[in-house]
Amino acid sequence: MYEAIPVKKDIFWVGANDHETDLFESLWPLPRGVSYNAYLVVGEKTALIDTVKSSSMNVLIDKIEAVIGKRPLDYLVVNHMEPDHSGSMKVLKAIYPELKIVGNAQTKGMFESFYALTDDIVVVKEGDVLDLGGHQLRFHMIPMVHWPETMVAYDLESKVLFTCDAFGGFGTLDGGIFDDEVDMGFYEDEILRYFSNIVGRYSPQVQKAIEKLKGLEIAVIAPSHGPVHRRNPAKIVALYDRWSRHVSECGAVVVYGSMYGHTQRMAEAVARAMAEEGIERIIVHDVSRSHVSYVVKDIWRFRGLVLASCTYNMTLFPPLATLLEHLRNKMLKDRLVGLCGSYTWAQSVALKSLLEFAHSGGWELVDPQVEMKSAPNRAVLEACSLLGKNMAGRLKACDGRA
Ligand SMILES: Cc1cc2nc3c(=O)[nH]c(=O)nc-3n(C[C@H](O)[C@H](O)[C@H](O)COP(=O)(O)O)c2cc1C
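Residues numbered from 1 in each chain as written. Predicted model: local features only at pLDDT ≥ 70, side-chain atom pairs only at ≥ 80, totals over all residues. Heavy atoms only, no water.

Per an unreviewed UniProt entry, the chain carries the name FprA family A-type flavoprotein and comes from Aminithiophilus ramosus.

So, in structure tokens, the structure goes:
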């Protein structure tokens, strides 16, 4: 079956790799691209589960034809309307005029607003079953994972769960498409970067979805980005469960904003003290140079966070302010925070802003808060070391929770 990869009997991956988009959602860097996974289910009737971004449309159409030849495509199931998944539906409808488009009441309005499609629409609700003859697809609504209309489709015969954005991540599928064929260390990191930046804000809804789906017997989790989980579908659900409950690992992220290196020295003094106290997992980010998506990903993973900012035109250093805006938007909880601020003529401005951020997020402060005028002297460096030592003490107490 040319390029269409069997997932289970009569179920095929017909997705595409995108190496050309440099920023996903025009926001998130894709150093190793992204895949758009569409799936074809072939019963007496045929159904495509989601499409691909319009730029990859030809690949999708070729793969569908390679599997079903001149047979018609009977149904298109739209689990999620974001255009990286729905982008080829209008053309598919033109190629297969009898195509029936399956979505829920919310999706129906988006068919019209995005693509002016109003005919041959099948509206489904929680628990409805689409009988393809040999395969039966049951639909479950998982609103806000990641848009309000998002749903999943579960094949009662093969026990494949098609989850669209849920459990997906960045990175093209480079030969292997299954979790037992690829380096899952790389993909799990990219699934966390996807989760923390795109889905993490909706963690309460992720928890509801996990609760709703937990009774299902799942043989394969087939998301719309990244690897297909057939060896260990339970593992990716367990990771999503942890991440959406804000459970962290015992390590620390130190993020600094510094123009001339003095605030960097504060950050490094804190990091050094943590290392001396035995904390092995410490990641230091220069906020001007690490893309915010990687910083957010690491902060989502580890329990400790140290923020160090110089003062810039009477406020926080702009890239650090941007990071804080992202963190506020994601509504991450339960982190330990240490703060360092520097200034030359406006005392307290940076530190006060950092404190406001920590209080507004309800995060737990680790003392002391360290403030520096212009450059670090012995007293400043000793205070940074004390902060690192105290943070390490708190992190050691969370050992075993990882
Ligand atoms: C463009 C620019 C704007 C600054 N704005 C302020 C300010 O508003 N208030 C202040 O106290 N210091 C200000 N500073 C001074 C720095 O915040 C201060 O010297 C700090 O210690 C620099 O740390 P760094 O070496 O990590 O960049 C400014 C510095 C620059 C270069």
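More follows now that the structure is in view.
> Lay out the sheet that holds strand β7 (residues 39-42) in plain terms, naming residues and giving numbers.
If you walk across this open sheet you meet the seven strands as β1-β2-β7-β8-β9-β10-β11, and the pairing is mixed. In this open sheet, the two strands that pair with only one neighbour each are β1 (5-8) and β11 (121-123). Going from strand to strand, the sheet's axes swing by 25° on average, the running direction of each strand aside. Sheet topology note: the strand β2 (residues 11-13)/β7 ladder contains three bridges and is antiparallel. When the sheet's bridge partners are listed, Phe12 is paired in β7 with Leu40. (Pairing = 2+ DSSP bridges. Helix = DSSP H or I, 4+ residues; strand = E, 2+ residues; numbered from the N terminus. Axes fitted to C-alpha atoms, helices over the stretch in contact; angles between N-to-C directions.)

> Got a sec to walk through the pattern of salt bridges? Specific residues and values, please.
Inspection of every chain in the model, using the stated rule, returns 22 salt bridges. The closest approach of N and O atoms between Arg193 and Glu190, which form a salt bridge, is 2.8 Å. On the criterion of helical spacing, the pair formed by Arg193 and Glu190 is a turn pair, its members being three residues apart in helix α5 (residues 184-199). Owing to a relative accessible area of 0%, Arg193 belongs among the buried residues under this scheme. Glu190 gets classed as buried once you look at its relative accessible area, which sits at 5%. As a salt-bridge pair, Glu325 and Arg328 come within 3.1 Å of each other at their nearest N and O atoms. Of this pair, Glu325 and Arg328 both sit in helix α10 (residues 318-330), three residues apart, which is roughly one turn of that helix. Look at the salt bridges and you will find they share partners, linking Asp180, Glu181 and Arg230 into a network. (Salt bridge = Lys/Arg side-chain N within 4 Å of Asp/Glu carboxyl O. Buried < 20%, exposed > 50% of the residue type's maximum accessible area, 1.4 Å probe, protein only.)

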